[in-house]
Structures are given as C-alpha cells and as structure tokens.
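One-letter residues, chain by chain:
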Amino acid sequence: MSPTSPASPARSASPESPKSPTPTRRLTTAQALVAFLARQYTERDGHRQRLISATWGIFGHGNVAGIGQALVEAGHGGNGAAHRMPYLQGRNEQAMVHAAVGYARQSGRLSAQAVTTSIGPGATNLVTGAALATINRLPVLLLPGDTFATRPADPVLQQLEVPYAGDVSVNDCLRPVSRYFDRITRPEALIPAALQAMRVLADPAETGAVTLALPQDVQAEAYDWPEEFFAERDWHIRRPAPDAYELETAVRAIRSARRPLIVAGGGVRHSAAEETLAAFTAATRIPVASTQAGKGALRHDHPADVGGIGHTGTATADELARTADLVIGVGTRFSDFTTASGTLFADPAVRFLHLNITAFDAHKLAALPLVADARAGLEALTTALAGRGYRVDPAYETEYTGAKEAWEERVEASFATPDPSARPTQTQVLGLLDTLVTEDDILINAAGSLPGDLHKLWRTRSRDQYHVEYGYSCMGYEIPAAIGVLLAAGTGQRTRPVWALVGDGTYLMNPTEIVTAVQENLPLKLLILQNHGYASIGGLSASVGAERFGTAYRHRDPDGGFTGPPLPVDLAANAASLGLRVLRATTVDDLRKALSEARDAEGPTCVYVETETPDTVSGPPPAQAWWDVPVAETASRPAAVKAREEYDRQVAARRRHL
C-alpha cells in the first residue's frame, strides 16, 4: 500500500478465548492401568465384550502396594459395576497364566485376563505359561513387578545383577515368549504402551502373551492422567478377506485336484468358522482331517470328518494324506506332529494351499498362500467354486467314508469293556466317559499319552468340547485351564460339565489350583489316571532305545535303577486334602458309577482310578504315522542299536516341500 492510500479500517480486536486445560485425573500408575483395562472392549460381528475381564494375582513386595492396592480400589471403589476389575486368587504363577489361557480359548480369543506377580521368582514363573499362550496364539496380559526404576537401593531383594547391563532384569526372559513387551519406567510411558498392548491382544494375526513389566516404584507413583485415557475403547476384531489374485489361484488349484484333503486347525475355531467349513464340504465333498487344535471343526459324525491327522491321527486321515494331491490347510501351523516330521504327504506331485490369517503360516511348505480370516476365506472359496461345478469324484467320497466306518470299528474295540469287574485300561476309561457325555461336556488335556488316545479315538460332539493344548503340550495345564473354561461364560457356563483329564505325572506337576476351584466353588470334574510314572515318555523311551530309564515312579533297585515296587503315593488323598470330594474307582463298574456321580455333582469333584497295563499305557491302535525323535547314532546297548536301524529307515522317507 502506497503512503497516500487511504488506510484500511482497523479490525476490532476480539479478546482471546481462554484455553481450557485438558481434564486430568491424579492416580498412581497402577491405578491408572487397572482403570484403563476395565474400559477396553472387543467387537466382532456386532458382539461386544470386555477385553480384560479379570486379573489373576499373587502378591509380593513387587506388586502388593501398586497393582494390589489398585485392584482393591477397582473391585470395591466407586467405579460402577461395569468398570470394576474382578480379582482371582491364584496359587502358582504359571498356573494363573494357564487359567487365563483356558479362559481366552473358551472365549474365542475375544476376551482375555491379566496376571500380576511380584518381582523375581514370581515373574520368572510366568515364562512357561507365556510360551504356551504365544505358541497357541491365545491372548493373555502379563503384569510382572520389576525392580526399582529410580534405583534408590541397588540391588534390591530378588534383583538379578547383570554386570554388563544395568537395565536388565529377570523380566527380560519374557521378551522371546511375548508378542509385545515393554518396561514402564515412567508413569507417562504407560499411555502408548497400554494402547499397543491392547492392539496386539485384539489382533487375531499377532495375539499371544503381552508383557508390561512394572517397576515397583513406578507402580505407586502418582501422575495427572488425561481423562481421555480412561474413555471406553472398542477394539474391532478384523475378518480380513482374501486377495483377489490369491483367491483365484486357490480356486484353480482346488478345481484341478483329484484327491484334495482339508487339514483343519485351531484357526477354524478362533474364527468361529465351523458352520462355514461344513457348508464348504457340503458343496465340494472334500474330506476334513483335524489337528489337535482343530478337532471339533466338524462333529465326529459328519460325513466329511475323517478324524485326527499325523502321528496321533487316524488311519483314515493319514492314508488320505499320503495320497493327497492337494492339501488345504485352514488355520493350522503344520507342526511336526501334523506332518509326521515331513514324512506324511507322500504324493510326489502334492501341492499345498494354506488359508491362514498370518502370512507367516500361510507360506509354510511352499504353499499357495490365501491370507485371510478362516471364515471369510472359506466363504469366498465356497462362492467362487459354486458356479464352476466343482465336486470330488464320487469314488473318492465312497473311499473315505468307507475307511471312516472301518476306523469306527477300531474305536469301538478300543472302548469295549468286556469284564465289568476288571481294572480299566486308559482307553476303556475314555470309552466309559464317551457313553456319558453330551455336546455340553468339555474335555481338557495337554500332555502324556492321553492326547494321542483322544486325537485318534474321541468322538467330538460340539465345536468347543475338545480342548487339548498340544502346541506346547505342557504338563500341569489341565486343572488351571479347566478353571479358566468354567469362568469363561460366567454363571451360565458353570452348568456345563468341564473335565480335566490328567495322569499321575501331570497331576504331581501342578495340582495347586484345586484350591482355587474349591475357593470359588467351581464344579470342576477332575479325572486322575494313576499309571505310576511318566508312562507316555516310558513308551517313547523304549522305542528310541533309552529303555524306559527314569520314567517310572518306583523304588530304587539294588542296581541303582527304578524297577522296585510302585511308590506309595496316594494322589486321591492328596486331592482330598486340597478340598476336593474324591470318588475312588477300582473296576470298570466302579468307574462307570463314579463318572456319572461326578458329572452330576454341583461342586468340585475328583474321580481317581488306577489303570491297567502300565507298561503299554493304553490299548488304542498304534501310531499311524512317524514322529522324529533322534536316536543315538552310536551305542553299545542292543536296544539303542535296533532303534537306530528303525530310525534310519523312517528318516529316509522325509522330504522337504519346496
């Protein structure tokens, strides 16, 4: 503007609006974390539920004044019922994680639980449970206490000193078994860490154990938290659809297959895709074998269900696998038990198609990947194939249905109890249970010879009846997991019979949560099978030339071995001392009555039975496929030499699918 130009009229200055400060709430870090967790939800298919429904805890100096005090306020304070955080009292830190994992599996991974511990051994006891959760892709939030962030005294009680790194604590051993890990060394650092933790827990492709390590001084430190941190948040559980190119490639592969076989894994259950799988098989007549995690994807009496696959599978499924030209994995990791250590899929031209929500799993065995949610992927395949007239050859369908009927005769023979006054075998125990249960019952197992017997023989009647943890096969999982299952759907769930099946070796590993079941008056049905040792490993030991060394619970003999009389251990008395009502059974008839009585019981009940033929473990059909357990390449004892000859014969059949 030139100096002679008329001046622009001045704008009237309006007073600045005062900036309103962000509303805050002064809480300790622990109080803020618990309040935050109580306001997190998941949503899938229009159903909304709490993401973290409760917190398990055992308290020590590393968490009692922080998370412990916060849980007192969250359970009894003025938060309102919707935002309270229920507390569950555990007896062993590993067992608390197992209970939370059982809860998450029964909840379809839509709801989880947190676990808090003190520092030191309380924290390191979490590692086994964390590994189990991550391997099985099941969400659990771990909140171990940690050493002082401010280091007012160094070292403190239970602190691991690492001379080359001052920022390492025992909690760092949780890093490799966690899907997300953070150490909260300042209160404000909790905000991004908590949000990342929820993201991972709610992500079906990333979920597993999540660890937030909490230094004990930071837990008790106060901070002015923004109110929006405590707003309710919904974490949507995605159902990613398949890529169009991958879908078309998959359709072409299926249409060109003469002998396709579906391998259903745990992803079918996590995605609630059972009905979709049934619709796909109805349209295509492709048979369905199942992994341990996938058993129940179809009912046992569904025409397309051919049973378990792999080392613990049925002859029907394994023979189909040997001749399959296309193996369609749905939500499975293809572990060595499923692939028989790379020896099962024997057709020279076999190809693989993997439908999985994670690209990591979808590309295994050099497969054609179909990266998608199991239900969304199956729906897309069904639609794409519908107009193209694909269906397996009727002769193939007749072949596998006939083989299934023949296997059912072997199941009946294994379950038969011709002498009601005899001591039952392990498979006869399962047969008696089979006659008793309905689709309401849930069976939980994890280790020993029972998973193999169950995978081959059990007749699964509902999508959630078969609960065998075989990703980590962790002894001691069964009892706490049963508690988690009983808690998963609230009081309504407690009317369903939930059975924890354990052998004596497993029982002695981790019976402590019996006390929790008694405390909460949960109607746990505990079935203890006494076979005097690690009978499953005893059988494996014999097969690899280790001569059952160190696997029997017996007195020492004069030569230093363990071949004397069985140890006078009374597991029934032990269970009774922890508060269970115990029903002892010595014969087939006794056991039939005891199982029926336990099923009707309203409180926690144990059935104890000593099984017959401990040297052979049980009487099911033998393994229908190999499993690679290396045998000594050089040995002087005949048993090992013979075992190595058999090993060399089997390993020659292994192939890499490239």
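A quick note: this is a predicted structure, and the numbers were derived from the prediction, not measured.

**Digging into the overall build of the protein**
Along its length, the protein carries 25 helices and 23 strands. Taking 26 Å as the expected radius of gyration for a compact globule of 658 residues, we find that the protein reaches 28 Å, a close match to that expectation. The principal-axis extent of the C-alpha atoms belonging to the protein is close to 110 × 65 × 55 Å. Taking all 658 residues of the protein together, 56% fall into the buried category. Taking the contacts inside the protein whose residues are at least 6 apart along the sequence as the reference set, 76% of them involve residues at least 24 apart. A total of about 27200 Å² of accessible surface is found on the protein, and carbon and sulfur atoms cover 54% of it.

**Digging into the packing of aromatic side chains**
Aromatic ring pairs: the centre-centre distance and the angle between the two ring planes describe each pair. This model, assessed by the stated rule, comprises 13 aromatic pairs. Judged by centre distance (5.4 Å) and plane angle (85°), the rings of Phe-345 and Phe-352 are edge-to-face. Like Phe-345, the residue Phe-352 is buried in the burial classification. Seen in terms of ring centroids, Tyr-534 and Tyr-553 are 5.1 Å apart; in terms of plane orientation they differ by 75°. Their pairing is edge-to-face. Within this pair, whereas Tyr-534 is found in the loop between strand 21 (524-530) and helix 22 (535-543), its partner Tyr-553 is found in the loop between helix 22 and helix 23 (571-577), the two being separated by 19 residues in sequence.

**Quick word on the sheet that holds strand 3 (residues 47-50)**
Ordered in space as 3-2-11, the three strands form an open sheet in which the pairing is mixed. Two strands in the sheet have a free side with no partner beyond their single neighbour: strand 3 and strand 11 (233-236). Across this sheet, the average inter-strand angle for adjacent strands is 30°, counted without regard to direction. Across four bridges, strand 2 (residues 40-44) lies against strand 3 in antiparallel orientation. In the strand pairing of strand 3, Glu-43 is matched with Arg-48.

**Some words on the sheet that holds strand 9 (residues 209-215)**
Taken together, the six strands give an open sheet; going across it, the order is 5-4-6-7-9-8, and neighbouring strands pair in parallel fashion. Each edge of the open sheet carries a strand with a single partner, namely strand 5 (87-89) and strand 8 (180-183). Averaged over all pairs of adjacent strands, the angle between their axes in this sheet comes to 20°, without regard to strand direction. Sheet topology places strand 7 (residues 140-146) next to strand 9; five bridges connect them, and they run parallel. From the neighbouring strand, Asp-146 faces strand 9, where its bridge partner is Pro-215. The strands touched by helix 1 (residues 29-37) within the sheet are strand 4 (52-57), strand 7 and strand 9, with strand 7 carrying the most contacts at an inclination of about 175°. Running over the sheet, helix 3 (residues 93-106) touches strand 4, strand 6 (112-117) and strand 7 and is turned about 170° from strand 6.

Here is what the cut-offs are and how they apply
- Residues numbered from 1 in each chain as written.
- Predicted model: local features only at pLDDT ≥ 70, side-chain atom pairs only at ≥ 80, totals over all residues.
- Heavy atoms only, no water.
- Helix = DSSP H or I, 4+ residues; strand = E, 2+ residues; numbered from the N terminus.
- Rg over C-alpha atoms; globule rule 2.2 N^0.38 Å.
- Buried < 20%, exposed > 50% of the residue type's maximum accessible area, 1.4 Å probe, protein only.
- Contact = heavy atoms within 4.5 Å.
- Areas by Shrake-Rupley, 256 points an atom, 1.4 Å probe, with all protein chains shown as cover.
- Phe/Tyr/Trp six-rings, centres within 6.5 Å; stacked < 30°, edge-to-face > 60°.
- Pairing = 2+ DSSP bridges.
- Axes fitted to C-alpha atoms, helices over the stretch in contact; angles between N-to-C directions.

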